[in-house]
Amino acid sequence: MAEAADFQGTSPSPARRWLRRTTALLAGTPLLAGLVQLPAAGPAHADGQSTAKADADSGPVAVAVDSLTPSAPTDGDTVTVSGTVTNNGKQTVTDAHVGLRVGPEVNTRSSLDAIAKDSDDLQGSIAPEIDDKYTEKFSKLTPGVAEHFNISVPVDDLDLGGDGVYEFAVSLSGETSAQPWEQILGIQRTFLPWQPDGADPVTKTTALWPLVSTTHMAAETGPNDEQTPVFLNDALAKEISPGGRLNQMVTLGKDLDVTWVVDPDLLASVDAMTGNYRIRDGDKTVAGTHQAVAKQWLAELQDAVADEEVVALPYADPDLASLAHNGTDVTGSLNQLKSATDVIDNTVEPILHMKPSTDFAWPVEGAVDRSIVKVATSAGADKVISRSDSLQETRGLPYTPSAARPIGGGTTAVVADARMSRAFEGDLTKASASTLAVQRFLAQSLALNLQTGKQRSVVVAPQRMPSGSQARAMAEALRALQDGTWSETQRLAAAAAAKPDPDATTKVPAASSYPAALRRKELPRSAFAQIARTQDTLDNFKVVLSDPSRVATPFGRALNREMSASWRGRADEAESYRAGVKSYLDGLTGRVKLIDKSETKLSGRSATIPVTVQNNLVQDVGPLVLRLTSTNPTRLEIDGADYEEQPISVSGGHSQSVKFTTSANANGRATVIAQLYTMDGRKYGEPVTFDVKVTEITATVMLVIGGGVLLLVLAGFRMYTQRKRAAAREAEKNETGEAEGPEVPKNSEDGPEKPEDPAERPHKESEAHPRAGDPEQPSDPTPDTAAESADPSGTGERVDR
């Protein structure tokens, strides 16, 4: 049963295919020679002929096998085949019938690949029909019209031999006006696994059942205490509603013995839908209405995974290959992976009420190289789910080895079988495509089991997000396999712990071997650089908030989503999401800002300048540091230096002013810069720049001083004239002989005091030169808190609205 060159993920070479067809043609030569010698025989095919040749590979009639039950028959079963035949030609087909054909046993997995690839090829070998009583006849087939058929045959009449996989074909034979003899006009090949008795040994099979979706939640949340989540659209509700993709995954999976692989982001998103949530609708949001659907889906999932194995991926299923190839040289990218891993337990266990396994990493399509393994294990995983078309066998094994491979550093590669894992890709919306996928899957499983007498552990890792039709085909195949006789179910942890085959490859390929088609869909380096910039902004924002968790959690998870593997092939949507997260964060940080100031004029040598900080968030901010800097300290000093810093805290929804003392050293214009800083010295927000016009001695002051000097001169002149007059009167008295006696001054202590003449009172310097504490300068906005001193006001003042 073994084939030395039959490796996982390979297909038969052109030479081997040519050899197979040539051998079949030579085997039919004697029969052809006999037919040529028959008298009155048609020049073409007779019923039972072992080869066929037509102008086109597939013939004019399409044969669709919509159902084949049971998929893997045993003794005593009756095989029922149903489907349609459609005349795609231009001529009516007459005397037509549908027949069944059983070919020889198919011994190798690569031969199964070749038959599946040319399943409707009329040029390949064609086995004879079984007993003609197991046919369905049609008098004619009109072009473009599909006719239904249904044929049942006891398995004993199929003349199957020993255990193995047999080619099973449904053909349409008939005549046309152009070729009025019976010929095969269409065929559909599939497989019939035959293992009536229990196999020894059986294959231990692990099937992954992924619950993964695209990104649905935005970073935006409501301003209320509950922080109402906002969804990008209503797509998730459709997926979990009855008939939706994720609803089918849960409904189908609960009846299977599988290993559930879940993305915590999906669980968190559905859980958020069980309460109040909103959906983005253009520039506004509307209330979500699918709470009941979300609760029902989660309840069914909790029931389905009870007592089953659950593997949790890092939050939002980060793209490990993109990170390894394009993100490791961007500072902080690996920290994003670690944060996505750290939140698994706090997300999955509270929702599913069970503890998941977090030991596994699953790169996209199981494609690995050394850099991917290094990144995958950096956040704590020690098992990497790979695939056999990536970690290919290089030692000439004639069989498929077990999944577990030690690849160094304490890491185990769990290598999924590529053929079985990829059996359900493509469009399976048609019943015929689904049936062929199921039979191919079962055939590969049985062929693998028959390769050797060694018991092996096989892992099936399908596509991450199977469609509804793909999920139904997967479920049908797994049910048949689990009810079969050659396989038994095994958990993923057991498959990873199984004894590895010593001859299996353990060499992880280099980065150069990573598939180009997958690399083209990776997140670019610019994506990781943008994520890093957003993270820096978030870090700067968190430290100024009184409750940083209100932004740390929603934005942290949004950054995890920006690295999701679900963005592959959706570059525009990924860029739009990253831009939306950053824009929303910038909007929040911009709600804490400095109020713009116009030009300020100083009316003296010193004054105070107020600067106002506005907080439009719902929570308090601070402490922040407000720095006012003079760009020309020789002209204008701030508190005797080139700058001054003051701490400030502002209540939510309020504004707060801080006053700075300035002193002028020279006339002219000086530029001043106000800037907020976090307590660790990082700039916060945009600076505010304004000019201060300095006049050392103003015209008004000059007039006041000049007036004072004039008054002093006049007062001195008056005193001089009064004294001169008094001296003259004294001299006159002496000349006239007036009685001598003490002279009484006019303003003596003994007599009434004469009121002081205002003109004789000199002006004080303080009246001419304003000092600090003078009224604030114009052009400053009025803060919404009362300023009682030059010190910063406390927080908590009400906003006058």
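Residues numbered from 1 in each chain as written. Predicted model: local features only at pLDDT ≥ 70, side-chain atom pairs only at ≥ 80, totals over all residues. Heavy atoms only, no water.

Draft legend 1. Representation of the overall build of the protein. Within the protein, the secondary structure is distributed over 21 helices and 29 strands. For the protein, the accessible surface area stands at approximately 37400 Å², while carbon and sulfur atoms represent 51% of it. (Helix = DSSP H or I, 4+ residues; strand = E, 2+ residues; numbered from the N terminus. Areas by Shrake-Rupley, 256 points an atom, 1.4 Å probe, with all protein chains shown as cover.)

Draft legend 2. Main features of the sheet that holds strand β2 (residues 78-87). Read from one edge of the open sheet, 3 strands run β1-β2-β5, paired in antiparallel fashion. Edge positions in the sheet fall to β1 (61-69) and β5 (146-154), since each of these pairs with one other strand and no more. Taken over all neighbouring pairs, the strand axes of this sheet differ in orientation by 20° on average, direction set aside. Alignment of β1 against β2, held across 8 bridges, turns out to be antiparallel. (Pairing = 2+ DSSP bridges. Axes fitted to C-alpha atoms, helices over the stretch in contact; angles between N-to-C directions.)

Draft legend 3. Layout of the packing of aromatic side chains. Overall, the coordinates contain 5 aromatic pairs when judged by the stated rule. A centroid spacing of 5.6 Å and a plane angle of 35° characterise the contact between Trp 567 and Tyr 577, whose relative ring orientation is tilted. Remark: Tyr 577 occurs in helix α19 (residues 571-589) and Trp 567 occurs in the loop between α18 (549-562) and α19; sequence separation between them is 10 residues. When sorted by exposure, Trp 567 lands in the same class as Tyr 577, which is buried. Of note, Arg 464 hangs over the ring of Trp 362, and the distance from its end group to the ring centre comes to 4.4 Å. In this arrangement the basic side chain of Arg 557 is found over the ring face of Tyr 315, its NZ or CZ atom lying 5.5 Å from the centre. (Phe/Tyr/Trp six-rings, centres within 6.5 Å; stacked < 30°, edge-to-face > 60°. Buried < 20%, exposed > 50% of the residue type's maximum accessible area, 1.4 Å probe, protein only. Lys NZ or Arg CZ within 6 Å of the ring centre and 35° of its normal.)

Draft legend 4. Representation of the environment of Arg 520. With respect to the helices, strands and loops of the structure, Arg 520 is situated in the loop between α16 (516-519) and α17 (525-542). Sequence-wise, Arg 520 and Arg 568 are 48 residues apart; in three dimensions their C-alpha atoms are separated by 8.9 Å.

Draft legend 5. Fine view of the pairing of strand β17 (residues 404-408). The sheet contact formed by β17 and strand β18 (residues 411-416) spans 4 bridges and is antiparallel. Residue pairing for β18: Gly 408 is matched across the bridge by Thr 411.

Draft legend 6. Local environment of the nonpolar core. Grouped together as the largest cluster of nonpolar side chains are 72 residues, with contacts concentrated most on Phe 541 and Leu 626. When residues in this core are grouped by element, the largest group, 6 residues, is from α17. Leave out the neighbours within four places in its chain, and Leu 626 touches Leu 594, Val 611, Val 613, Glu 644, Glu 645, Gln 646, Ile 648, Val 658, Phe 660, Ala 674, Gln 675 and Leu 676. Listed in part, the 66 residues of the second largest apolar core include Ile 279, Ala 312, Leu 442 and Leu 448. (Core = buried A, V, L, I, M, F, W, Y, C linked by side-chain atoms within 4.5 Å. Contact = heavy atoms within 4.5 Å.)

Draft legend 7. Structural context of helix α5 (residues 245-253). Taking burial as the measure, the 9 residues of α5 include 8 buried ones, the bulk of the element. Along α5, the positions that sit buried rather than exposed are Arg 245, Leu 246, Asn 247, Gln 248, Met 249, Val 250, Leu 252 and Gly 253. Structurally, α5 contributes buried residues whose contacts are with β8 (203-211), α4 (235-240), β11 (259-262), α6 (264-273), α7 (291-305) and α14 (468-482).

Draft legend 8. Layout of the sheet that holds β18. One open sheet holds the 4 strands; their spatial order is β15-β16-β18-β17, and the pairing between them is mixed. Edge positions in the open sheet fall to β15 (360-361) and β17, since each of these has one partner strand only.

Draft legend 9. Main features of the packing of α5 against α14. Contact pair α5 / α14: the axes reach a minimum separation of 9 Å and the direction vectors enclose 10°. With respect to each other, α5 and α14 are oriented roughly parallel. Of α14, the residues touching α5 (which contributes Arg 245, Gln 248, Met 249 and Leu 252) are Gly 468, Ala 471, Arg 472, Ala 475 and Arg 479. A per-class count over the contact of α5 with α14 returns 4 nonpolar, 2 polar and 3 charged. (Parallel < 35°, antiparallel > 145°, perpendicular 65-115°, else oblique. Nonpolar A, V, L, I, M, F, W, Y, C, P; charged D, E, K, R; others polar.)

Draft legend 10. Local environment of the confidence of the model for the protein. Overall, the prediction assigns the protein a mean pLDDT of 85, with 82% of residues at 70 or greater. Note that pLDDT drops below 50 for residues 1-55; the model gives that stretch 75 contacts with residues more than four away or on any other chain. Scored below 50 in pLDDT, residues 738-782 makes 47 contacts in the model with residues more than four places away or belonging to other chains. (pLDDT = per-residue confidence, 0-100.)

Draft legend 11. Inspection of the environment of Thr 612 at higher detail. You can see Thr 612 is positioned in strand β23 (residues 606-615). Each C-alpha atom of the pair Thr 612 and Val 658 lies 6.3 Å from the other, and the pair is 46 residues apart in sequence. Only 2.7 Å separates the side chain of Thr 612 from the side chain of Ser 657, close enough to count as a polar contact. (Polar contact = N/O pair within 3.5 Å; in protein donor to acceptor, adjacent residues only side chain to side chain.)

Draft legend 12. A look at α14. Its 15 residues place the ends of α14 21 Å apart at the C-alpha level, agreeing with the 21 Å of an ideal helix rising 1.5 Å per residue. The buried fraction of α14 is high, at 11 of 15 residues. Considered for burial, the residues of α14 that qualify are Gly 468, Ser 469, Gln 470, Ala 471, Ala 473, Met 474, Ala 475, Ala 477, Leu 478, Ala 480 and Leu 481. Looking at the packing, one finds that the buried side of α14 touches β8, α5, α13 (431-449) and β20 (487-489). (Expected span 1.5 Å × (residues − 1).)

Draft legend 13. Just the pairing of β8, in detail. Counting buried residues along β8, 8 of its 9 residues qualify, which places the element largely inside the surrounding structure. In this structure, β8 lies alongside β20, joined through 3 bridges in parallel fashion. Within β20, the position partnered with Lys 204 by the bridge is Glu 488. As judged from the 4 bridges shared by β8 and strand β19 (residues 457-460), these two strands associate in the parallel manner. Counted as the bridge partner of Ala 207 is Val 460 from β19. Of the pairings in the sheet, the one linking β8 to β11 comprises 4 bridges and is parallel in character. Paired with Leu 208 across the bridge in β11 is Thr 259.

Draft legend 14. Seen up close, the side chain of Ser 432. Structurally, Ser 432 can be placed in helix α13. Overall, the relative accessible area of 16% leaves Ser 432 in the buried class. Setting aside its immediate chain neighbours within four residues, Ser 432 contacts Ala 64, Val 65 and Asp 66.

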